[in-house]
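What follows is each chain in one-letter form.
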Amino acid sequence: MTFRPVTATNIARPAMEGAGVHLHRVFGFGDPNETDPFLMMDDFRNDDPRLYEKGFPWHPHRGIETITYVLEGEVEHGDSLGNRGVLGAGSVQWMTAGSGIMHQEMPRGNVTGQMHGFQLWANLPASLKMTAPRYQDIQGSDVPEIIDDDGTRVKVVTGQFWGKRGPVDGIAADPLYLDVSVPPGVRKSLPVDTRSNAFAYVFAGAGRFSDAADPIGVRVEKEVAGQELNIRDLTGNRTLVRFGNGDEVTVQAGPEGVRFLLIAGRPIQEPVAWHGPIVMNTQAELQQAMADLRNGTFVKPQH
């Protein structure tokens, strides 16, 4: 087995999307080759309903797949094809936008106001850009969880891992999407397809990946002894770790343990023409999508 070296780390940046949703952008709108086949990822964990309750009103999608993983709270969604649903805690939605839909997502907090989750965008290859849209809504109880002898817990959202297969299937990028929790002080190696691009996103605790320094926590304001202090917080540190080639990712958990998403997918290696939630292969295709939006033909008839 060959360990994947760490090639880059960075901290998710505060951003605002939709009608005023405060979130953290993990990556996106840079060079798509760096994370191919993935385009963007947002961390929308927030405990203040005023900072997310206006949600994401109607907006278009074409040429991509969106993966929404909810940890706390709910996301009510609907689209122009008549699909409706509510994603609860632990649930996953994999939406293939394909030829195009109009979509809205409205978050609601749990009883304490928490709205926690992630959204990842995966690219579609040219052959599937204009495929018919579809949804896969998966309840949290249907996501298999594996508990290893050392206490490591892995939820398998999609892909094959340790003899379990995630419930989401038929995805163009054929990705691995895991929610991994490693207990305090445990060193763990996790297999990853050597042909895939892979990254980890640490969102609780802290750990050290092979060939990398400890992740750096985000700066947050906290009240300590009656004073507002700007400190490093390693309890939910929002660190993205990108890996080089190899077939194993190794992590050494810190004193509080570490929890992270481990995501991998085989690169599509096609040109990308990108404008907001529309991702095509050429500027001409992108211009056609914009024209379709203007003239009311963006959403194609479903047969």
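These numbers come from a predicted model, not from an experiment. (Residues numbered from 1 in each chain as written. Predicted model: local features only at pLDDT ≥ 70, side-chain atom pairs only at ≥ 80, totals over all residues. Heavy atoms only, no water.)

S.K.: Explain the sheet that holds strand β7 (residues 74–79) to me, please; I cannot follow it from the model alone.
M.R.: In sheet architecture, strand pairing relies on hydrogen bonds along the backbone and comes in two forms, parallel and antiparallel. The four strands are arranged β5-β10-β7-β8 in an open sheet whose pairing can be described as antiparallel. Each edge of the open sheet carries a strand with a single partner, namely β5 (56–61) and β8 (84–87). Direction aside, the axes of adjacent strands within the sheet are offset by 25° on average. Across four bridges, β5 lies against strand β10 (residues 101–108) in antiparallel orientation. If you follow His59 over to β10, its bridge partner there is His103. (Pairing = 2+ DSSP bridges. Helix = DSSP H or I, 4+ residues; strand = E, 2+ residues; numbered from the N terminus. Axes fitted to C-alpha atoms, helices over the stretch in contact; angles between N-to-C directions.)

S.K.: Is there a simple way to think about the environment of Gly20 in this case?
M.R.: As for its position among the elements, Gly20 is in the loop between β2 (13–17) and β3 (21–28). Expressed as a C-alpha distance, the spacing of Gly20 and Lys54, which sit 34 residues apart in the sequence, is 6.4 Å.

S.K.: So what exactly am I meant to see when it comes to the pattern of salt bridges here?
M.R.: It is possible for side chains of opposite charge to pair when their charged atoms get near one another. Following the criterion strictly, the structure yields 16 salt bridges and no others. Taking the shortest distance from any N to any O, the salt bridge between Asp43 and Arg45 comes out at 2.7 Å. Arg45 carries the same exposure label as Asp43, and that label is buried. In the salt-bridge network here, residues are joined through shared partners; they are Glu17, Arg25 and Asp42. (Salt bridge = Lys/Arg side-chain N within 4 Å of Asp/Glu carboxyl O. Buried < 20%, exposed > 50% of the residue type's maximum accessible area, 1.4 Å probe, protein only.)

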